[in-house]
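The lines below spell out each chain.
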Amino acid sequence: VDILNCRVVVNAAVKDSLSEDAELDPVQRLLQQISSGKKRGDLLIYNRVPKSGSSSMQEYVDVLSKQLNYGAVHFVLPPGLICPESALPCLHNNSHVTHPDPRDLKALISHLASLPVKQKNSKRTLVDYHFRFVNFSAAGEAQPVYMNTVRDPVDRIISQYFYARYGPRPMQKKRHVIQSFGELPIEACLQLYRNCSCTGDCTAPEALRCTRGLCQDLYHNFNTQLLHFCTWGSPSCSTKDRTALQEALRNLHEQYDAVGVLEDMATSMQLFEAVLPAYFEGITALGKVSARKNPQKEGPSPEAVQELYRLNALDLEFYQQAVALLKKRHALAVASPARQAPQGGYAQPGMRCSLVAAVGFDAGGIMLTLLS
């Protein structure tokens with residue numbers, strides 16, 4: 001049995017297993033999209049949300065990339081990556097990278113698309129960075145595979161506030177944040193927000209004069225989790241409102257192949273392993289990793305927490321839908337016939353086809369490995 005014949009057998013098996021509701025099964029859906037050329041399985045983008053388990057995920061990736069032979073690119077700063085107001089959030093403070101055309105989305109996509117080719121000893125690449133969803137099809141390219149993790153929005157912004165000031169990061173950066181935004185307790189920040197009649201990010205000129213810039217990073221972080229799922233440069237996501245929420249939710253359901261939830265990482269890892277085996281097979285056997293932790297600080301009162309939920313209502317709605325989607329996709333993925341069928345019974349005796357590399361396809365179809 002050669003690779004070509006094995007490919008045909010498994011393609012037929014997957015095709016036969018597809019149901020009318022195949023779009024609800026993340027394993028079947030991804031196999032179909034890659035086989036048709038709509039997506040490319042050799043590039044997985046994890047446009048990670050800050051303080052949502054990304055440090056732990058990086059540790060898992062560092063181990064699994066060696067075991068599964070794929071490239072892992074952390075903190076890449078692609079050419080064209082800048083932070084105009086319509087494109088937040090992203091990072092742009094790496095002085096070692098030259099920007100050939102800082103507003104050229106095609107340059108960004110071209111850079112990301114070329115990364116698997118630049119890997120010397122592997123055919124697949126996982127890229128992680130803090131930036132918005134990038135629509136490759138807008139530049140005429142096949143979409144990569146997308147994943148992410150999310151977190152309870154209030155827990156996330158509290159963690160971010162403490163991390164910026166007291167977390168395991170360079171002292172110079174912590175001092176800069178404290179000098180710029182102060183280090184008031186979060187409850188004092190909320191009191192200041194009310195006293196200065198702030199709305200949204202509290203960026204109105206009069207409100208800024210009132211707060212004197214104190215706690216501005218906390219306010220700016222309101223409802224930013226959903227922005228990572230907004231499309232890069234989309235007018236719909238220029239402000240944090242229900243229009244942006246709807247686009248983020250649409251991308252969550254239609255563009256992301258696996259999205260985990262920090263509060264349920266066991267289920268999340270099972271989903272990653274089922275849908276993205278070429279990148280995450282074996283993650284459930286690795287156990288817990290030592291994640292970075294902020295020093296213990298007294299958190300806000302229950303009343304303040306409820307106020308934070310009110311101020312982050314858009315992110316809360318997005319998070320709740322992500323939790324529901326995780327449960328639904330997990331149930332479908334672990335029972336998917338596309339996941340189970342190719343593991344046996346479709347190849348001639350003495351050989352077997354494996355979809356361990358299922359997400360390492362080429363544009364022409366499923367790339368398989370023959371295992372003895």
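Let us look at the structure shown here. Quick caveat: nothing in here was measured; it's all calculated off a predicted structure.

Rules of the game
Residues numbered from 1 in each chain as written. Predicted model: local features only at pLDDT ≥ 70, side-chain atom pairs only at ≥ 80, totals over all residues. Heavy atoms only, no water. Helix = DSSP H or I, 4+ residues; strand = E, 2+ residues; numbered from the N terminus. Expected span 1.5 Å × (residues − 1). Buried < 20%, exposed > 50% of the residue type's maximum accessible area, 1.4 Å probe, protein only. Polar contact = N/O pair within 3.5 Å; in protein donor to acceptor, adjacent residues only side chain to side chain. Core = buried A, V, L, I, M, F, W, Y, C linked by side-chain atoms within 4.5 Å. Contact = heavy atoms within 4.5 Å. Pairing = 2+ DSSP bridges. Axes fitted to C-alpha atoms, helices over the stretch in contact; angles between N-to-C directions. Phe/Tyr/Trp six-rings, centres within 6.5 Å; stacked < 30°, edge-to-face > 60°. Disulfide = S-S within 2.5 Å.

### What to know about helix H10 (residues 242-254)
Phase 1 of the analysis: Taking 1.5 Å of rise per residue, 13 residues should cover 18 Å, and H10 covers 18 Å from first to last C-alpha, within 8% of that figure.
Phase 2 of the analysis: If you check which residues of H10 are buried, you get Ala244, Leu245, Glu247, Ala248, Leu249, Asn251 and Leu252.
Phase 3 of the analysis: A side-chain oxygen of the first residue of H10 lies 3.1 Å from the backbone nitrogen of Thr243; this N-cap is Asp241.

### Considering the nonpolar core
Phase 1 of the analysis: Judged by nonpolar contacts, the single largest core of 66 residues is most densely connected at Met57, Phe136, Leu226, Phe229, Leu276, Phe280 and Phe318.
Phase 2 of the analysis: At seven residues, the largest contribution of residues to this core is made by helix H14 (residues 313-334).
Phase 3 of the analysis: Ignoring any residue separated from it by four or fewer positions in sequence, one finds Phe229 in contact with Val49, Phe133, Asn148, Val150, Glu247, Ala248, Asn251, Leu252, Tyr256, Val259 and Phe318.
Phase 4 of the analysis: With 21 residues, the next largest nonpolar core counts Val154, Cys189, Cys198 and Phe222 among its residues.

### Brief notes about the pairing of strand S3 (residues 125-128)
Phase 1 of the analysis: The side-chain alternation of S3 yields two buried faces, one formed by Thr125 and Val127 and the other by Leu126 and Asp128.
Phase 2 of the analysis: Bridge analysis of strand S1 (residues 39-46) against S3 gives four bridges, and the strand direction is parallel. By the bridge assignment, Ile45 is partnered in S3 with Val127.
Phase 3 of the analysis: Taken together, the four bridges between strand S2 (residues 71-74) and S3 define a ladder with parallel strand orientation. Paired with His74 across the two strands is Asp128, which belongs to S3.

### Observations concerning the environment of Ser180
Phase 1 of the analysis: When you line up the elements, Ser180 lands in helix H6 (residues 171-181).
Phase 2 of the analysis: Residues Ser180 and Gly213, spaced 33 residues apart in sequence, show a C-alpha to C-alpha distance of 7.1 Å.

### Some remarks on the environment of Pro277
Phase 1 of the analysis: Here Pro277 is to be found in helix H12 (residues 277-280).
Phase 2 of the analysis: The buried category is assigned to Pro277, whose relative accessible area is 12%.
Phase 3 of the analysis: Sequence separation of Pro277 and Val27 is 250 residues, and the distance between their C-alpha atoms is 9.9 Å.

### As for the sheet that holds strand S4 (residues 143-150)
Phase 1 of the analysis: With parallel pairing, five strands are arranged side by side in an open sheet as S2-S3-S1-S4-S5. The two strands at the open ends of the sheet, each matched to only one other strand, are S2 and strand S5 (258-261). Each neighbouring strand pair of the sheet contributes to a mean axis angle of 20°, computed without reference to strand direction.
Phase 2 of the analysis: Inspection of the sheet shows S4 paired to S5 by four bridges, in the parallel sense. Residue pairing for S5: Asn148 is matched across the bridge by Val259.
Phase 3 of the analysis: Where helix H2 (residues 26-35) meets the sheet, it contacts S1 and S4, and its direction lies at approximately 120° from that of S1.

### A look at the packing of aromatic side chains
Phase 1 of the analysis: For the coordinates displayed, the defined rule picks out 13 aromatic pairs.
Phase 2 of the analysis: Arranged with centres 5.8 Å apart and planes meeting at 45°, the rings of Phe133 and Tyr256 form a pair that is tilted. Of this pair, Phe133 sits in the loop between S3 and S4 while Tyr256 is found in the loop between H10 and S5, placing the two residues 123 residues apart along the sequence. When sorted by exposure, Phe133 lands in the same class as Tyr256, which is buried.
Phase 3 of the analysis: With 6.4 Å between their ring centres and 40° between their planes, Phe162 and Tyr166 make a pair best called tilted. Taken together, the residues Phe162 and Tyr166, both in helix H5 (residues 153-166) and four residues apart, mark about one turn of the helix.

### Brief notes about the state of the cysteines
Phase 1 of the analysis: Scanning the model with the defined rule gives four disulfides in all.
Phase 2 of the analysis: For Cys189, the disulfide goes to Cys215, at an S-S distance of 2.0 Å. Its torsion about the S-S bond being -75°, the disulfide of Cys189 and Cys215 is classed as left-handed. Of this pair, Cys189 sits in helix H7 (residues 186-195) while Cys215 sits in the loop between helix H8 (205-211) and helix H9 (216-220), and the two are 26 residues apart along the sequence.
Phase 3 of the analysis: Overall, Cys189 belongs to the buried group, its relative accessible area being 0%.
Phase 4 of the analysis: You can call Cys215 buried: its relative accessible area is 0%.
Phase 5 of the analysis: The disulfide bridge from Cys198 ends at Cys202, spanning 2.0 Å between sulfur atoms.

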